[in-house]
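Each chain is listed here by its residues.
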Amino acid sequence: VEAFLNHLATSRHCSPRTQNHRLAALHAFFRYVQAEDPGHMLQCQQILAIPQQRYARPTVTYLSKEELAEILARPNLRTAEGRRDAVLLSILYDTAARVQELIDLSVGDVRLDSPAQLRLLGKGRKTRAVPLMDNTVQLLRDHIRDNHLDRPEHFDTPLFQNARGQRLSRSGIRYILHKYLARARHNCPSLNRTVRPHTLRHTKGMHLLQSGISLDMIRDFLGHVDIKTTQIYARANLEMKR
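Residues numbered from 1 in each chain as written. Predicted model: local features only at pLDDT ≥ 70, side-chain atom pairs only at ≥ 80, totals over all residues. Heavy atoms only, no water.

Caption draft 1: Structural view of helix 8 (residues 170-184). With 15 residues, helix 8 ought to run about 21 Å at 1.5 Å a step, and its terminal C-alpha atoms sit 21 Å apart, in line with that. Among the residues making up helix 8, those that are buried are Gly172, Ile173, Ile176, Leu177, Lys179, Tyr180, Leu181 and Ala184. Close packing links the buried residues of helix 8 with helix 4 (65-72), helix 5 (80-94), helix 6 (99-103) and helix 9 (197-210). (Helix = DSSP H or I, 4+ residues; strand = E, 2+ residues; numbered from the N terminus. Expected span 1.5 Å × (residues − 1). Buried < 20%, exposed > 50% of the residue type's maximum accessible area, 1.4 Å probe, protein only. Contact = heavy atoms within 4.5 Å.)

Caption draft 2: How the structure looks around the packing of helix 5 against helix 8. Where helix 5 meets helix 8, the axes come as close as 11 Å, and the angle between the chain directions of the two elements is 100°. Between helix 5 and helix 8, the angle falls in the class roughly perpendicular. From helix 5, Glu81, Gly82, Arg84, Asp85, Leu88 and Leu89 reach across to helix 8, where they touch Ile173, Ile176, Leu177, Lys179 and Tyr180. (Axes fitted to C-alpha atoms, helices over the stretch in contact; angles between N-to-C directions. Parallel < 35°, antiparallel > 145°, perpendicular 65-115°, else oblique.)

Caption draft 3: Spotlight on the nonpolar core. Membership of the largest hydrophobic core comes to 48 residues, with the highest contact counts inside it found for Ile91, Leu140 and Leu159. The contacts of Leu140, once residues within four sequence positions are left out, are Val87, Ile91, Val110, Leu112, Leu118, Leu132 and Leu159. Within the second largest apolar cluster, five residues are counted, among which are Leu5, Leu8, Cys14 and Leu23. (Core = buried A, V, L, I, M, F, W, Y, C linked by side-chain atoms within 4.5 Å.)

Caption draft 4: Quick look at the sheet that holds strand 1 (residues 110-111). The antiparallel open sheet is built from three strands, whose spatial order is 1-2-3. Of all strands in the sheet, those with a lone pairing partner are strand 1 and strand 3 (127-131), marking the two edges. Relative to strand 3, strand 2 (residues 117-121) runs antiparallel, the two sharing five bridges. Its bridge partner being in strand 3, Leu121 is matched across the sheet by Thr127. (Pairing = 2+ DSSP bridges.)

Below is the structure:
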């Protein structure tokens, strides 16, 4: 196992995070082995004692409220494509959805009656309901009506579709964001940096924290299993305050 980890570092030039992912998989397997075959307990314990590598965790990147507003104002609401993109970007921020969660959204996952919410299918096939703000609800209602998705037979129809009527891909969502990001940079030079769809998820988490929401509630909102994952926002907020 140690030789394999050394091979990852020296021959394949994997980052410490990648090495730790591989080691975590091995640890999980040998925890299973020691329970199934106690005769190998000592060897399993030796492998489980191999520590993960330390590395400098990057500070979470997020958008200010002004930067976010500049991006959301770019879609042209007079065109069908612009209205779709406005809804997509609003939901990406409003629900803090992961890209795959947004791709998997169907019409049946939407509830527009009060309290308006979306049902997201997250990691580990776990579902969570997230509330929607009034502006997003209106955009979403118009999107469903304009595309005739308010009929019972469209319950399983993708909420966001490409030109072929299929679900958007990851690259498609990145393209939509980068298109409006390029336009927003003319009025907001601070956006001349890397912004990904996941940045909007981080932005929502930071804005919730800055509004005084507790980490426990933010963890549930974002669908994190462990509170340690949510603490990256607290560390970034402390850095901002300093």
